[in-house]
Amino acid sequence: MKRVIVGAIVLCTGSIVYAAGPHDTHVAVAAHAQTAQHVSKDADGSAELSTTLTVSDCWIRSLPRPTPSAGYFVIKNAGNSEAKLASMSIAAFDQVSLHQTIDQDGKIRMAVADAVSIPAGGELQFKPGSYHAMLEKPTQALTVGTEVEADFEFQSGETAKARCEVKPANALSR
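The paragraphs below set out a description of the structure included in this document. (Residues numbered from 1 in each chain as written. Predicted model: local features only at pLDDT ≥ 70, side-chain atom pairs only at ≥ 80, totals over all residues. Heavy atoms only, no water.)

1. Some thoughts on the state of the cysteines
At step 1: What the rule picks out here adds up to 1 disulfide.
At step 2: There is a disulfide in this structure between Cys-58 and Cys-164, and the S-S distance comes to 2.0 Å. In this structure, the disulfide formed by Cys-58 and Cys-164 twists by about 70 degrees around the S-S bond and is classed as right-handed. One end of the pair, Cys-58, is in strand 2 (residues 53-61); the other, Cys-164, is in strand 11 (residues 159-167), with 106 residues separating them in the sequence. (Disulfide = S-S within 2.5 Å. Helix = DSSP H or I, 4+ residues; strand = E, 2+ residues; numbered from the N terminus.)

2. Observations regarding the packing of aromatic side chains
At step 1: Scanning the entire structure with this criterion turns up 4 aromatic pairs.
At step 2: Ring centres of Trp-59 and Tyr-72 lie 4.6 Å apart, and the angle between their planes is 35 degrees; this geometry places the pair in the tilted category. With Trp-59 in strand 2 and Tyr-72 in strand 3 (residues 69-77), this residue pair connects regions lying 13 residues apart in the sequence. The burial state of Trp-59 is the same as that of Tyr-72; both residues are buried.
At step 3: Between Phe-73 and Phe-152, the ring centres sit 4.9 Å apart and the planes meet at 70 degrees, which makes this aromatic pair edge-to-face. Taken together, the residues Phe-73 in strand 3 and Phe-152 in strand 10 (residues 147-154) connect sequence positions 79 residues apart.
At step 4: Here Phe-73 falls in the buried class, since its relative accessible area comes to 1%.
At step 5: Owing to a relative accessible area of 1%, Phe-152 belongs among the buried residues under this scheme.
At step 6: Connected via pairs of aromatic rings, a cluster forms that spans Phe-73, Phe-126, Tyr-131 and Phe-152.
At step 7: Over the aromatic face of Trp-59 sits the side chain of Lys-167, whose NZ or CZ is 6.0 Å from the ring centroid. (Phe/Tyr/Trp six-rings, centres within 6.5 Å; stacked < 30°, edge-to-face > 60°. Buried < 20%, exposed > 50% of the residue type's maximum accessible area, 1.4 Å probe, protein only. Lys NZ or Arg CZ within 6 Å of the ring centre and 35° of its normal.)

3. What to know about unusual backbone geometry
At step 1: Going from Arg-65 to Pro-66, the amide bond is cis rather than trans, its omega being 5 degrees.
At step 2: Its place among the elements puts Pro-66 in the loop between strand 2 and strand 3.
At step 3: The phi dihedral of Asp-105 is positive, around 55 degrees, even though this residue is not glycine.
At step 4: Tracing the backbone through its elements, the reader meets Asp-105 in the loop between strand 5 (93-104) and strand 6 (107-113).
At step 5: Overall, Asp-105 belongs to the exposed group, its relative accessible area being 77%.
At step 6: Although it is not a glycine, Lys-137 adopts a positive phi angle of roughly 55 degrees.
At step 7: Within the secondary structure layout, Lys-137 lies in strand 9 (residues 131-138).

4. Regarding the pairing of strand 2
At step 1: Two elements, strand 2 and strand 3, share 6 bridges in a ladder whose sense is antiparallel. Following the sheet pairing, Ser-56 is matched in strand 3 by Val-74. (Pairing = 2+ DSSP bridges.)

5. Describing the nonpolar core
At step 1: Judged by nonpolar contacts, the single largest core of 31 residues is most densely connected at Ile-60, Phe-73, Leu-85, Met-88, Ile-90, Phe-126 and Phe-152.
At step 2: Those residues in contact with Leu-85, other than ones at most four positions away along the chain, are Phe-73, Ile-75, Leu-98, Asp-114, Ala-115, Val-116, Ile-118, Phe-126, Phe-152, Glu-153 and Phe-154. (Core = buried A, V, L, I, M, F, W, Y, C linked by side-chain atoms within 4.5 Å. Contact = heavy atoms within 4.5 Å.)

6. Remarks on the pattern of salt bridges
At step 1: Counted according to the given criterion, the structure contains 4 salt bridges.
At step 2: Between Arg-163 and Glu-147 there is a salt bridge whose closest N-O contact spans 3.5 Å. Here Glu-147 lies in strand 10 and Arg-163 lies in strand 11, a separation of 16 residues in the sequence.
At step 3: Using a relative accessible area of 43% as the deciding quantity, one classes Glu-147 as partly exposed.
At step 4: Asp-151 is the salt-bridge partner of Lys-161, the closest N and O atoms lying 2.5 Å from each other. (Salt bridge = Lys/Arg side-chain N within 4 Å of Asp/Glu carboxyl O.)

See below:
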């Protein structure tokens with residue numbers, strides 16, 4: 001129980017500090033070389049939903065506006081080659097970026113992740129204290145228990161969609 005309380009305090013404090021502080025304190029995580037992967041196209045040339053990349057267990061924290069929030073989910077790659085998540089968007093936020101929590105010289109920091117690798121035949125979990133989506137500039141208040149749609153775009157041009165449950169600020173997992 002003590003760990004849950006400490007974790008909630010750290011998350012809320014970190015979000016408030018992040019919202020109030022300069023955003024240049026992020027560090028960049030180097031992107032890996034792009035991996036080619038099959039992309040299905042609609043008749044009009046736009047990317048189709050992927051048949052090998054799926055997103056599940058998506059949830060976001062409800063924090064008071066204008067405090068940034070975070071999004072968490074699991075990406076599964078049933079394909080034969082590595083995939084790279086390039087970006088994510090949620091209509092309820094004007095700015096969504098991918099981050100990783102890292103320990104740099106004994107200090108915990110958020111690092112912008114330009115592309116996040118999902119191994120062939122594997123999965124990657126975005127979770128508190130690890131990879132997460134930083135959700136900034138909310139366009140509306142979110143109510144706990146509701147869902148919002150998220151769109152995911154991979155470097156290959158493939159896309160995925162997920163419904164994300166809005167959870168209380170003290171939530172630590174789905």
